[in-house]
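Here is what each chain is made of, one letter per residue.
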Amino acid sequence: MQFSVLMSVYKNTKLNELKECIESLQEQTLRADEYVIVEDGAVSEEVGDYLSGLEKSDNKFKIVVLEKNVGLGNALREGMQHCSFEIIARMDTDDICVKERFEKQLKLFENDDEISVVGSNIAEFVNSVDNIIACREVPVNHKEICEFLKTRDPFNHMTVILRKTHVMNAGGYLPWHFNEDSYLWVRMYLNGAKFANINENLVYARVGADMYARRGGYKYFKSEKGILKFKRKNKVIGIGTYISQVIIRFVAECMLTNRMRSWLYKKHLRQPLAKEEIGKDNVS
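Residues numbered from 1 in each chain as written. Predicted model: local features only at pLDDT ≥ 70, side-chain atom pairs only at ≥ 80, totals over all residues. Heavy atoms only, no water.

(A) A look at unusual backbone geometry. Of note in the backbone geometry, Phe178 takes a positive phi value of approximately 75° without being a glycine. Located in the positive-phi region is Lys235, a residue other than glycine, with phi close to 60°. When you line up the elements, Lys235 lands in the loop between α9 (218–233) and α10 (239–255). (Helix = DSSP H or I, 4+ residues; strand = E, 2+ residues; numbered from the N terminus.)

Next up, the structure:
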């Protein structure tokens, strides 16, 4: 089964992290047939040179250059237009794939022509995959995912593999500050998409000290409230769920300090991960 990988870089993309990401993609047990990387506005000279070098040395790499920064939702929307294949794997350029990621996920597409999205759990690390701090587990089957979607994101965005026509039938990627992926999952749900996750950590997700700070503040709350309002309008959730979720998010995102929010995520929204659960020999 042929498939594309879709990624986006921007001005803050770091070369060393991008290289680690690309290496993990190139050393997959099942390699992609195409890598579409969107330059979302100006990038650093070293990142630009590296990407140009990839495109010249390997015809599987396709670099799509946008003159100005348009945000992740619009960048992915443009990038998807340049993907040659029906099956598209998302990846963030600061994360690292487990070697068997694509092989394991593609089996679900091969066995089910109706499946729309396949994701997985993630192992979150700081600086090095030797320093795993937590994992984010997501529901596995379609019914559980649809229920989970009512109050939280049912996918780890950097892990998903998508069926292009099913994404486009739901309107494709659209801009929504902080939550372009959440907006897409709800629209695909409303359009009758079929979902699945694999109960394994197939991606090492890089997190930093500022991650929880980015998930706070009034702008972030306003974005999340807007998603909840969209769900309410389309009868995904009822008024009671809407009100309770707005209150929870206002407290967590507007009233808690970054330190308190960090504690909340680590203690209640993530699972501790023993080092022996994930071996470095699985990393490219």
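Don't stop here, the text continues.
(B) Examining helix α3 (residues 72–81) more closely. Of all the residues in α3, the buried ones are Gly73, Ala75, Leu76, Gly79 and Met80. In a view along the axis of α3, the buried residues occupy a sector of 160°, so they form one face of it. (Buried < 20%, exposed > 50% of the residue type's maximum accessible area, 1.4 Å probe, protein only. Arc of directions from axis to C-beta.)

(C) Molecular detail of the confidence of the model for the chain. Overall, the predicted model of the chain reaches an average pLDDT of 91, with 90% of residues at or above 70. Overall, residues 274–281 carries pLDDT values under 50, and its contacts beyond four positions in sequence, including any with other chains, amount to 11 contacts. (pLDDT = per-residue confidence, 0-100. Contact = heavy atoms within 4.5 Å.)

(D) How the structure looks around the packing of aromatic side chains. Applying the stated criterion to the full structure yields 9 aromatic pairs. Plain terms: the ring middles of Tyr35 and Phe61 are 4.7 Å apart, the flat faces sit at 15° to each other, and that makes the pair stacked. Residue Tyr35 is found in strand β2 (residues 34–40), and its partner Phe61 is found in strand β3 (residues 61–66); the two are separated by 26 residues along the sequence. For the pair Tyr35 and Phe61, a shared accessibility class is recorded, and that class is buried. Ring geometry for Phe155 against Phe195: centres 5.3 Å apart, planes inclined by 80°, an arrangement best described as edge-to-face. Here the residue Phe155 occupies a position in the loop between α5 (142–148) and β8 (161–163), and Phe195 occupies one in strand β9 (residues 195–206), the gap between them amounting to 40 residues. No difference in accessibility class separates Phe155 from Phe195, as the two residues are buried. (Phe/Tyr/Trp six-rings, centres within 6.5 Å; stacked < 30°, edge-to-face > 60°.)

(E) The arrangement of the nonpolar core in detail. Counting 36 residues, the largest nonpolar core has Val5, Ile22, Leu25 and Leu51 as its most contacted members. Those residues within four positions of Ile22 in sequence are excluded, and the remaining contacts are Met7, Ile37, Tyr50, Leu54 and Phe61. Counting residues in each nonpolar core, the second largest holds 35 residues, with Cys83, Ile145, Tyr173 and Trp185 among its members. (Core = buried A, V, L, I, M, F, W, Y, C linked by side-chain atoms within 4.5 Å.)

(F) A look at the packing of α9 against α10. Two numbers describe how α9 lies on α10: the axes approach to 10 Å, and their chain directions differ by 170°. With respect to their mutual orientation, α9 and α10 come out roughly antiparallel. Counted together, Tyr218, Tyr220, Phe221, Glu224, Lys225, Leu228, Lys229 and Arg232 of α9 and Ile239, Tyr242, Gln245, Val246, Arg249, Phe250, Glu253 and Cys254 of α10 form the full contact between these two elements. Residues that form the contact of α9 with α10 fall into these classes: 9 nonpolar, 1 polar and 6 charged. (Axes fitted to C-alpha atoms, helices over the stretch in contact; angles between N-to-C directions. Parallel < 35°, antiparallel > 145°, perpendicular 65-115°, else oblique. Nonpolar A, V, L, I, M, F, W, Y, C, P; charged D, E, K, R; others polar.)

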